[in-house]
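Here is how the chains run, residue by residue.
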Amino acid sequence: MATSLDLFIQEMRGLLTPDNVYIMNGSQEEAEELVGIAQESKVDGRIVLKKLNSDEYPNSYYHHSNPNDVARTEQLTFVCTTSKEQAGPNNNWMEPKEAKEKMIEFFKGAMKGRTMYVIPFVMGTPRSEYAKNCVQVTDSVYVALSMRIMSRVGKQAIERIDNSSNFFRGIHSIGDVNPNKRFVMHFPEENLVMSFGSGYGGNALLGKKCYSLRIASYLGYQEGWLAEHMVIMGVQSPEGGIMYFLGAFPSACGKTNLTLLEPVFKDYKIWTLGDDIAWINIGKDGQLYAINPESGFFGVAPGTGLSTNPVMMKTLKNNKFYPTLFTNTAIDNSNNTPWWEGVSNDIPSNLNDWQGREYDKNSGKPAAHPNSRFTVSIYNCPTLSSEYDNPKGVPISGIIFGGRRKDTIPLVYEAKDWSSGVFSASTIGSETTAAASGQLGNVRRDPMAMLPFCGYNMGDYFQHWLNIGKRVKTPPKIFVVNWFRKDENGKFMWPGFKDNSRVIKWMLNRIEGKVGVRECEIGLFPQENSIDLIDLDIKKETMEKLLKIDREDWKKEISMIEEFYAKFGNKIPVDLINHLSDLKKKFGG
Ligand code: GTP
Ligand code: SPV
Ligand code: MN
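Caption draft 1: Structural detail: the site of ligand 1. Near ligand 1 you find 22 residues, and of these A252, K255, N257, P302 and R373 are the closest. At 2.7 Å from an oxygen atom of ligand 1 is found a side-chain nitrogen or oxygen belonging to N257. Side-chain polar atom of N500 to an oxygen atom of ligand 1: 3.0 Å apart, as the coordinates give it. In isolation ligand 1 offers 660 Å² of accessible surface; the protein chains occlude 92% of this area. Among the cavities detected, the one that contains ligand 1 is the largest pocket. Elements supplying a minimum of two residues to the shell around ligand 1: α9 (255-259) and β20 (296-300). The greatest single-element share of the shell around ligand 1, amounting to three residues, is contributed by α9. Grouping the constituent residues of the shell around ligand 1 by class yields 10 nonpolar, eight polar and four charged.

Caption draft 2: How the structure looks around the coordination of the manganese ion (ligand 3). Bound to the manganese ion (ligand 3) are the protein donor atoms K209 (NZ), H229 (NE2) and D276 (OD), situated 2.1 to 2.6 Å from the metal. Around the manganese ion (ligand 3) sit six donor atoms, and with donor-metal-donor angles ranging over 64 to 173 degrees the site reads as irregular. Considered as a linear motif, the donors of the manganese ion (ligand 3) on their single chain read K-x19-H-x46-D. Placement of K209 in helix α8 (residues 207-223) and of H229 in the loop between β14 (226-228) and β15 (230-237) is noted, with a sequence separation of 20 residues between them. A relative accessible area of 6% places K209 in the buried class.

Caption draft 3: Geometry of the environment of L206. By the secondary structure assignment, L206 is in the loop between α7 (201-204) and α8. For L206, a relative accessible area of 0% translates into the label buried. What L206 contacts, discounting residues up to four positions off in sequence, is Q136, M147, F168, G170, I171, H172, V193, S195 and Y211.

Caption draft 4: Spatial organisation of the sheet that holds strand β24 (residues 351-352). Read across the open sheet, the three strands follow the order β23-β22-β24; overall the sheet is antiparallel. Each having just a single partner strand, β23 (337-339) and β24 make up the two edges of the open sheet. Where strand β22 (residues 330-332) and β23 come together, three bridges link them in antiparallel fashion. Bridge pairing in β23 links D332 to T337.

Caption draft 5: Inspection of unusual backbone geometry at higher detail. Located in the positive-phi region is D44, a residue other than glycine, with phi close to 60 degrees. Structurally, the position occupied by D44 is in the loop between β2 (42-43) and β3 (46-47). Positive phi, close to 60 degrees, is recorded for D535, a residue that is not glycine. By secondary structure assignment, the location of D535 is in the loop between β32 (524-526) and α14 (540-546).

Caption draft 6: Region of the structure containing helix α2 (residues 28-40). Between its terminal C-alpha atoms α2 stretches 19 Å, which fits the 18 Å expected from 13 residues at 1.5 Å a residue. If you check which residues of α2 are buried, you get E30, A31, L34, V35 and A38. End-on, the buried residues of α2 take up no more than an arc of 130 degrees, which puts them together on one face. Facing away from the buried surface of α2 by more than 90 degrees, the exposed residues are E29, E32 and E40. Structurally, α2 contributes buried residues whose contacts are with β1 (20-23), β3, β5 (60-63), β8 (115-123) and α5 (141-150).

Caption draft 7: Region of interest: the layout of surface pockets. Of the volumes computed, that of the largest pocket is approximately 840 Å³. Every residue lining the largest pocket is counted, 39 residues in all, and those nearest its centre are A252, C253, G254, V300 and R404. When residues of the lining of the largest pocket are traced back to their parent elements, those giving at least two are α8, α9 and β20. Per-element tally for the lining of the largest pocket: the top contributor is α9, with four residues. When the residues that make up the lining of the largest pocket are grouped by side-chain class, the tally is 18 nonpolar, 13 polar and eight charged.

Caption draft 8: Geometry of the site of ligand 2. Ligand 2 sits among R72, G201, G202, K208, K209, H229, S251, D276, F298, R373, A435 and F453. Take G202: an N or O atom from its main chain is 2.8 Å from an oxygen atom of ligand 2. Here S251 contributes a side-chain N or O atom positioned 2.4 Å from an oxygen atom of ligand 2. Within the complex, the protein chains bury 98% of what would otherwise be the 280 Å² of accessible surface of ligand 2. For ligand 2, the cavity whose grid points lie within 2 Å of the majority of its atoms is the largest pocket. Looking at the shell around ligand 2, the elements with two or more residues in it are α7 and α8. Among the domains, domain 1 (4-38 + 73-223) and domain 2 (228-294 + 386-575) are the pair contributing at least three residues each to the shell around ligand 2.

Caption draft 9: Examining the confidence of the model for the protein chain more closely. Overall, the prediction assigns the protein chain a mean pLDDT of 97, with 100% of residues at 70 or greater. Per-element averaging of pLDDT across the protein chain places β2 at the bottom with 90 and β14 at the top with 99.

Caption draft 10: Structural detail: the side chain of N91. Along the polypeptide, N91 turns up in the loop between α3 (84-87) and β7 (92-93). There is a polar contact of 3.0 Å between the side chain of N91 and the backbone oxygen of A87. For N91, the side chain forms a polar contact with the main-chain oxygen of C454, separated by 2.9 Å. Setting aside its immediate chain neighbours within four residues, N91 contacts V79, C454, G455 and Y456.

Caption draft 11: The packing of helix α11 (residues 418-426) against helix α16 (residues 574-586), seen in detail. One can describe the packing of α11 onto α16 by two numbers: an axis separation of 10 Å at closest approach and a directional angle of 80 degrees. Considered as vectors, α11 and α16 are oriented roughly perpendicular to each other. Residues S419, S420, V422, F423 and S426 of α11 lie in contact with α16, whose contacting residues are D575, L576, H579, L580 and L583. Grouping the amino acids of the contact of α11 with α16 by side-chain chemistry returns five nonpolar, four polar and one charged.

Caption draft 12: Representation of the nonpolar core in the model. Counting residues in hydrophobic clusters, the biggest one holds 132 residues, and the most contacted among them are F401 and W465. Looking at this core, the element that brings in the most residues is α5, giving eight residues. No fewer than three residues from each of domain 1 (4-38 + 73-223) and domain 2 (228-294 + 386-575) sit in this core. The contact partners of F401, leaving out residues within four places of it in the chain, are M230, A248, A425, I428, M448, W465, I478, F479, V480 and V481.

Criteria and thresholds
- Residues numbered from 1 in each chain as written.
- Chains lettered and ligands numbered in written order.
- Predicted model: local features only at pLDDT ≥ 70, side-chain atom pairs only at ≥ 80, totals over all residues.
- Heavy atoms only, no water.
- Near = heavy atom within 4 Å.
- Polar contact = N/O pair within 3.5 Å; in protein donor to acceptor, adjacent residues only side chain to side chain.
- Areas by Shrake-Rupley, 256 points an atom, 1.4 Å probe, with all protein chains shown as cover.
- 1 Å grid on protein atoms, 1.4 Å probe; cavity = no way out; pocket = protein on both sides within 12 Å on 5 of 7 lines; lining within 4 Å.
- Sits in = over half its atoms within 2 Å of the grid points.
- Helix = DSSP H or I, 4+ residues; strand = E, 2+ residues; numbered from the N terminus.
- Nonpolar A, V, L, I, M, F, W, Y, C, P; charged D, E, K, R; others polar.
- Donors = N, O, S within 2.8 Å, 3.2 Å for Na, K, Ca; no water.
- Tetrahedral: all angles 85-135°; square planar, octahedral: opposite > 155°, others 65-115°.
- Buried < 20%, exposed > 50% of the residue type's maximum accessible area, 1.4 Å probe, protein only.
- Contact = heavy atoms within 4.5 Å.
- Pairing = 2+ DSSP bridges.
- Expected span 1.5 Å × (residues − 1).
- Arc of directions from axis to C-beta.
- Points joined across faces, edges and corners; volume = space filled by probe spheres on them.
- Domains from an automatic or database assignment.
- pLDDT = per-residue confidence, 0-100.
- Axes fitted to C-alpha atoms, helices over the stretch in contact; angles between N-to-C directions.
- Parallel < 35°, antiparallel > 145°, perpendicular 65-115°, else oblique.
- Core = buried A, V, L, I, M, F, W, Y, C linked by side-chain atoms within 4.5 Å.

What follows is the structure, given as structure tokens:
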């Protein structure tokens, strides 16, 4: 009897009319075969993968994407629910029938002359009750290889999917990589995503943002859990064992760096569990538990180097089983290694830029694309937590929210309680980055770092967060941070990276009740000298500026929050409206 997977494949064969069908099994031989195919085939006139110097970067390959296809395209991303209100003002919306018809027109015969890769995968460790079954079809061998790194592809997935009709379906074709024929359409009510015309990251690896955030957040809303754009990390202190934190930061605002951080304190250690996505459930004991549905890092290359992120540099050179991919970095021709701004201080003399052109140092442009990335297995990571594959997940003690803000937001503060914390998280703003195409550096509201990823109305989402807090026995403490505050000369005041461990240590001390706080207008602030600054050359005035509340800036901030909330009308929970009016009173608004 045909299984529901067989039926799906049949249906896709009919729609996409590929010349060949390749059903993936996750084996080592398959990796070798696919890498072989990718090294021999051209897409868009470019060889899909080129082997890199294996003495420097073992089992690593280079990929150029089309220059018109280097980041997520939020303007072409839609959530297609029955009603527009379900999707909310935070999403582009299209009526599901219309959206599907449009996509089917694109997909008809789209794989003629190509191979259709069928990728059965599980998000989450397959033994976990929180794990989810998925299938993606794609005509991109780069996407197929990336999915093998980022998710659990193969036999276990097929076993789980066989004879079950309940799995996520992802239909993907790169088409002819034409931005005018590019859409990423989500159908949360049908557990389905259709993506056409892009081969890039979050547009094309459908297990990532499309399923594990947009679709999963919708499922979580219905089933009583949360799918979040968050890191998961364990912090080990000399006397206190390991405590687990979640951290939400918008795209390209420091998640990968935070979860691989080497603390400045020799007797502290950070254990990595995830760098982008967390699924958060209430466990049997009434506490919050998180799992990472992914199994790899799709990390920003620029800024990654031995001084900023030594653990990632080790991860990239520690390849065993999974091929590692580098996308849109520059290439140092003298030794065939990938190169990006921040990996070394000097610029190699024989460099090709991310488009394969000879690099001109005087061009004033970076050699690597600012959103160039590496795709690497999490199992290569030397700080991987032994709890990573625990089907129950890890119990959460603290949740950190941050954004990229040159002013206004202090280095750190703590929310008074869960509801104040949800309010602060709902007001997070951040300067836009190269992770999404569009203008850079504008401040936009990005609540919980989920603006581009929440698959339903964000007003309902805020209420869902408040409700979860009421159901949890001891809700974790909530903190807000800003590593990116600048001085009058436009320089970062806080050293960031490993020195962020100083702020984390303060959070641990707060959770353990070891240090007090002073109450300010926006929350609870560190008492003087309670952040451990040992061996750090930072002026007292700089610390004061980092923690300063500028009343004029806050008045502007409040009006931006009001403007954002107004878009959601009466969907904004009353609790949050009350927090906002309290805040307004404090600043004389
Ligand atoms: P996504 O993968 O897009 O979700 O990004 P991410 O949140 O994982 O960001 P990532 O850690 O890759 O950092 C993005 C950029 O911010 C890189 O260029 C980093 O070098 C830089 N960055 C990360 N942490 C810090 C920090 O503490 N201070 C400063 N100044 N820059 C940082
Ligand atoms: C992000 O943009 O937040 C990423 C990269 O992590 S992508 O997979 O393209 O979404
Ligand atoms: Mn991300």
